[in-house]
Amino acid sequence: MRYHYSQTLLDDVTASVTEAFQRLRIVNVPVVAEQVRRRHLSENIALEDIEEIVLDTAQMFHIPMEFDGTRGIFAGHEAETRLAGRFATSLHGQPPRLLASEN
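Cut-offs used in this document
Residues numbered from 1 in each chain as written. Predicted model: local features only at pLDDT ≥ 70, side-chain atom pairs only at ≥ 80, totals over all residues. Heavy atoms only, no water. Helix = DSSP H or I, 4+ residues; strand = E, 2+ residues; numbered from the N terminus. Buried < 20%, exposed > 50% of the residue type's maximum accessible area, 1.4 Å probe, protein only. Contact = heavy atoms within 4.5 Å. Areas by Shrake-Rupley, 256 points an atom, 1.4 Å probe, with all protein chains shown as cover. Salt bridge = Lys/Arg side-chain N within 4 Å of Asp/Glu carboxyl O.

Asks: Explain the overall build of the chain residue by residue, including any values.
Replies: If you tally the helices and strands in the chain, you get four helices and two strands. Order of helices (α) and strands (β) in the chain, N terminus to C terminus: α-β-α-α-β-α. Buried positions account for 27% of the 103 residues belonging to the chain. A fraction of 67% describes how many contacts in the chain between residues 6 or more apart in sequence connect residues 24 or more apart. Accessible surface for the chain amounts to roughly 7,600 Å². Of this, 56% is attributable to carbon and sulfur atoms.

Here it is as structure tokens:
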């Protein structure tokens, strides 16, 4: 884990946590962390480290938290994929096949 983060990142986490709480009355830690990570890709910080910062920030403000991030992350990814006009299908509309190592 890194111990020195930019003030911009820390301010973004605080703003994102408070915005999530104001909108939803709860903070979904993995979703907020992924949103912050994507906005700060150039800082090359691991998602787990950003999740810890989000968790600490929510605890500091006594904000309720949830940790079911997969639904929100996949929904966000699906929306981005739709907007870009790309779909997760294989060639010729066939369903994707398992790799030999996955059999």
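Asks: How would you summarise the side chain of His-40 if you had to cite specific residues and measurements?
Replies: By the element assignment, His-40 lies in the loop between helix 2 (29–39) and helix 3 (47–60). Sequence-distant contacts of His-40, defined by excluding residues within four places in its chain, comprise Thr-8, Leu-9 and Asp-12.

Asks: Explain the pattern of salt bridges to me, and be specific about the residues and the numbers.
Replies: Considering all chains together, one arrives at four salt bridges under this definition. Ionic pairing is found between Asp-12 and Arg-39, a salt bridge with its closest N-O pair at 3.0 Å. Of this pair, Asp-12 sits in helix 1 (residues 7–24) while Arg-39 sits in helix 2, placing them 27 residues apart in sequence. The partly exposed category is assigned to Arg-39, whose relative accessible area is 46%. Linking Arg-37 and Glu-34 is a salt bridge whose minimum nitrogen-to-oxygen distance equals 2.8 Å. In this pair, Arg-37 and Glu-34 are both assigned in helix 2, three residues apart and thus about one turn of the helix distant. For Arg-37, a relative accessible area of 24% translates into the label partly exposed.

So, to be careful, I would describe these as geometric facts and stop short of saying anything about function.
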